[in-house]
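Residue strings, one per chain:
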There are 2 protein chains.
Amino acid sequence: MDKKKNTEAEILKAAKKIFIEHGFAGARMQAIADEAKINKAMLHYYYRSKKMLFEKIMEGAVDLMSKQFINALSGTAPVMDKLKILINNYTDTINHNPHIPIFILNEMARNQLYFQTKMQQRLEQNNVFQDFLLQIAEEQEQGILRPIPVPQFVLTVMSLIIFPHIAKPVFLKIFTLEDDIYTQMMEERKEHIYNVLESALRL
Amino acid sequence: MDKKKNTEAEILKAAKKIFIEHGFAGARMQAIADEAKINKAMLHYYYRSKKMLFEKIMEGAVDLMSKQFINALSGTAPVMDKLKILINNYTDTINHNPHIPIFILNEMARNQLYFQTKMQQRLEQNNVFQDFLLQIAEEQEQGILRPIPVPQFVLTVMSLIIFPHIAKPVFLKIFTLEDDIYTQMMEERKEHIYNVLESALRL
DNA sequence: CAAAAGTTTAACCGAATGGTTAATTTTATT
DNA sequence: AATAAAATTAACCATTCGGTTAAACTTTTG
């Protein structure tokens, strides 16, 4: 029982690394087995197929990102306060899991049918996000926030937070920076993003 | 000679579609041949290997994106004017080639060594981008633009323009929109982005 | 402790994949 | 028209890949 849990977890850990690093198509079952230091047959023993193992990993990745939403956007605090928490949560989480955003968005773009339903389920289970959209509209009516279409509002927020991590390889070269300096830049960026949002979205 | 050029171009067209749709690892040479309605051996006859064909496609994609930069950022116009052109150029180009951003950024994240040199070559060949960075610093000193670190400035601009196209599949579901409506949203977004940048970056 | 159940491994399998070859067809040259 | 060169194809090849199997090993159970 002890050994079972151990192997199972070891597989997940290895699969997470390989899938996120290479994507579904680029990942090799043998590479996952090597990474976990076990026999390839174990992968199928515990998770049946590459697809099923992948779905477990993707589910975890989506969960991690969703959590940040729920954590930051729940409650009755003003929109701008929630956004500040969202910026901090996301930046920290992505700094600790730098490849997750491109992983999710890439697989999503290439395999629309599957995730969208999973994602939608998660959103429908929890109405935090829908409530937040309503809250934005309310604060716009109250004259607290500028009357910008809500989808544009959300796109702007998420763009500023997530894109820099996706474009990291490009920017590292363009500005000839080192990896750890970029992470630090992302830390400083928290405040910058908040300032941009405040001047652009607040009235 | 006529037929040769034709086949060669047909292969590129098919390869562009398949590679951009599935990525390098997910693309199949047979799928490219089928798409081009030719024998698979022709792919190797004209482009030797999958890798070499892929590099041709990637080069074209990077070229297309670089062009928009050069086109928008050259000359002596004020930074904000150039940004307006950049927003329009990029939005139009991506609307016509929706999968290119995620394609480039994804392959870049997974295969750092190769592109970064190609990209850097392109940047060093042309000093438009470096000049633009200097221009931002100048206008900041002149009190035209807010004194924001230039890398943050650039990240903010590119985030607002590119990310919404990458996250399109997610947002289509979240806001339950149709494909063409999203394209229209991106059209309207041009102005929104400019407004955000103006209020956030301009003094 | 012995049987049963669960775990792990080595060897194997069929299909798919990138790539090659040799022969055929088409085009260009004289 | 005859010949050389280029383009195209069908068949094939070696390797890789996801997945399976049967046997060995380990742990649990009665």
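Engineer: Just checking my understanding: could you explain the overall build of chain A for this structure?
Structural biologist: Each helix and strand in chain A was counted, giving eleven helices and zero strands. The dimensions of chain A, computed from C-alpha atoms along their principal axes, are 60 × 45 × 35 Å. For chain A, the residues scored as buried account for 50% of the 203 residues in total. Sequence-distant contacts in chain A: of pairs separated by 6 or more residues, those separated by 24 or more amount to 67%. For chain A, the exposed area adds up to about 10,100 Å²; of that, 53% sits on carbon and sulfur atoms.

Engineer: Quick question: what am I supposed to make of the domain arrangement of chain A here?
Structural biologist: Size of an interface: often given as the accessible area lost when the parts come together. All names here are of chain A. Each domain of chain A was delimited in the assignment, giving domain 1 (1–48) and domain 2 (55–201). Averaged C-alpha coordinates put domain 1 and domain 2 at centres separated by 29 Å. Facing the eight residues of domain 1 at the interface are seven residues of domain 2. With both sides pooled, the region where domain 1 packs onto domain 2 buries about 650 Å², and carbon together with sulfur makes up 82% of that total. The interface formed by domain 1 and domain 2 holds zero salt bridges in total. The element contributing the most residues to the side of domain 1 that touches domain 2 is helix α1 (residues 2–26), with seven residues.

Engineer: What's the story with the packing of aromatic side chains in this structure? I'm lost.
Structural biologist: How two aromatic rings sit relative to each other is given by the distance of their centres and the angle of their planes. Scanning the model with the defined rule gives 17 aromatic pairs over all chains in all. Arranged with centres 5.0 Å apart and planes meeting at 85 degrees, the rings of A:Tyr45 and A:Tyr46 form a pair that is edge-to-face. A:Tyr45 sits in the exposed class, given a relative accessible area of 63%. One aromatic cluster is present, built from ring pairs that chain together A:Phe171, A:Phe175, B:Phe69, B:Tyr90 and B:Phe129. Above the ring of A:Tyr194, the side-chain terminus of A:Lys84 is found at 4.3 Å from the ring centroid. Here the guanidinium or amino end of B:Lys50 rests over the ring plane of B:Phe24, the centre of that ring lying 4.5 Å away.

Engineer: What should I look at first to understand the relation of the copies chain B and chain A in this one?
Structural biologist: Rotating chain B by 180 degrees and moving it 0.0 Å along the rotation axis overlays it on chain A with an RMSD of 0.1 Å. Here the copies are linked by what is in effect a two-fold axis. By residue overlap, the copies meet face to face through one surface: 100% of the interface positions of chain B are interface positions in chain A.

Engineer: What's the story with the packing of helix α5 (residues 79–96) of chain A against helix α11 (residues 179–201) of chain A in this structure? I'm lost.
Structural biologist: A pair of packed helices is characterised by two quantities: the angle between their axes and the separation of those axes. All names here are of chain A. Here α5 crosses α11 at 160 degrees, and the two axes come no closer than 10 Å. With respect to α11, the axis of α5 lies roughly antiparallel. Crossing hand, α5 versus α11: right-handed. Packed against α5, whose contacting residues are Met 80, Leu 83, Lys 84, Ile 87, Asn 88, Thr 91, Asp 92 and Asn 95, the element α11 presents Thr 183, Met 186, Glu 187, Lys 190, Ile 193, Tyr 194, Leu 197 and Glu 198 at the interface. Residue composition of the contact of α5 with α11, by class: seven nonpolar, four polar and five charged.

Engineer: Just checking my understanding: could you explain unusual backbone geometry for this structure?
Structural biologist: With the exception of glycine, most residues fall at negative phi, and the peptide bonds are largely trans. The backbone of A:Thr176 sits at a positive phi, close to 40 degrees, despite the residue not being glycine. Assignment of secondary structure puts A:Thr176 in the loop between α10 (168–174) and α11. Using a relative accessible area of 60% as the deciding quantity, one classes A:Thr176 as exposed. Of note, B:Lys37 is a non-glycine position whose phi angle comes to about 55 degrees, a positive value. Mapping B:Lys37 onto the fold places it in the loop between α2 (29–36) and α3 (40–47).

Engineer: Where do I start with the environment of B:Lys82 in this structure?
Structural biologist: All names here are of chain B. Positionally, Lys 82 belongs in helix α5 (residues 79–96). Overall, the relative accessible area of 3% leaves Lys 82 in the buried class. The contacts of Lys 82, once residues within four sequence positions are left out, are Ala 72, Leu 73, Ser 74, Gly 75, Thr 76, Ala 77, Phe 132 and Gln 135.

Engineer: Can you help me understand helix α9 (residues 150–166) of chain A in this one?
Structural biologist: Since there are 3.6 residues in each turn of an α-helix, residues three or four apart along the chain are aligned in direction. All names here are of chain A. An ideal rise of 1.5 Å per residue puts 24 Å on 17 residues; α9 measures up with 24 Å between its terminal C-alpha atoms. Within α9, the axis deviates most sharply at Ser 159, by approximately 35 degrees. A large share of α9 lies buried, amounting to 16 of its 17 residues.

Engineer: What's the story with helix α2 (residues 29–36) of chain A in this structure? I'm lost.
Structural biologist: All names here are of chain A. Listed as buried for α2 are Met 29, Ile 32, Ala 33 and Ala 36. End-on, the buried residues of α2 take up no more than an arc of 100 degrees, which puts them together on one face. Immediately beyond the C-terminal end of α2, within one or two residues, lies Lys 37, with a positive phi of roughly 55 degrees.

Engineer: Which parts of the structure should I look at to understand the confidence of the model for chain A?
Structural biologist: The predicted coordinates ought not to be read in detail in places where the model reports low pLDDT. Looking at chain A as a whole, the pLDDT averages 93, with 93% of positions reaching at least 70. The lowest-confidence element of chain A is helix α7 (residues 112–125) of chain A, averaging 65 in pLDDT; the highest-confidence one is α2(A), averaging 98.

Cut-offs applied
- Residues numbered from 1 in each chain as written.
- Chains lettered and ligands numbered in written order.
- Predicted model: local features only at pLDDT ≥ 70, side-chain atom pairs only at ≥ 80, totals over all residues.
- Heavy atoms only, no water.
- Helix = DSSP H or I, 4+ residues; strand = E, 2+ residues; numbered from the N terminus.
- Buried < 20%, exposed > 50% of the residue type's maximum accessible area, 1.4 Å probe, protein only.
- Contact = heavy atoms within 4.5 Å.
- Areas by Shrake-Rupley, 256 points an atom, 1.4 Å probe, with all protein chains shown as cover.
- Domains from an automatic or database assignment.
- Buried area = accessible area lost by both parts, 1.4 Å probe.
- Salt bridge = Lys/Arg side-chain N within 4 Å of Asp/Glu carboxyl O.
- Phe/Tyr/Trp six-rings, centres within 6.5 Å; stacked < 30°, edge-to-face > 60°.
- Lys NZ or Arg CZ within 6 Å of the ring centre and 35° of its normal.
- Least-squares fit on C-alpha atoms with pLDDT ≥ 70 in both.
- Axes fitted to C-alpha atoms, helices over the stretch in contact; angles between N-to-C directions.
- Parallel < 35°, antiparallel > 145°, perpendicular 65-115°, else oblique.
- Left-handed = near helix turned anticlockwise from the far one by under 90°.
- Nonpolar A, V, L, I, M, F, W, Y, C, P; charged D, E, K, R; others polar.
- Expected span 1.5 Å × (residues − 1).
- Bend = angle between axes of the 7 residues up to and from the residue.
- Arc of directions from axis to C-beta.
- pLDDT = per-residue confidence, 0-100.

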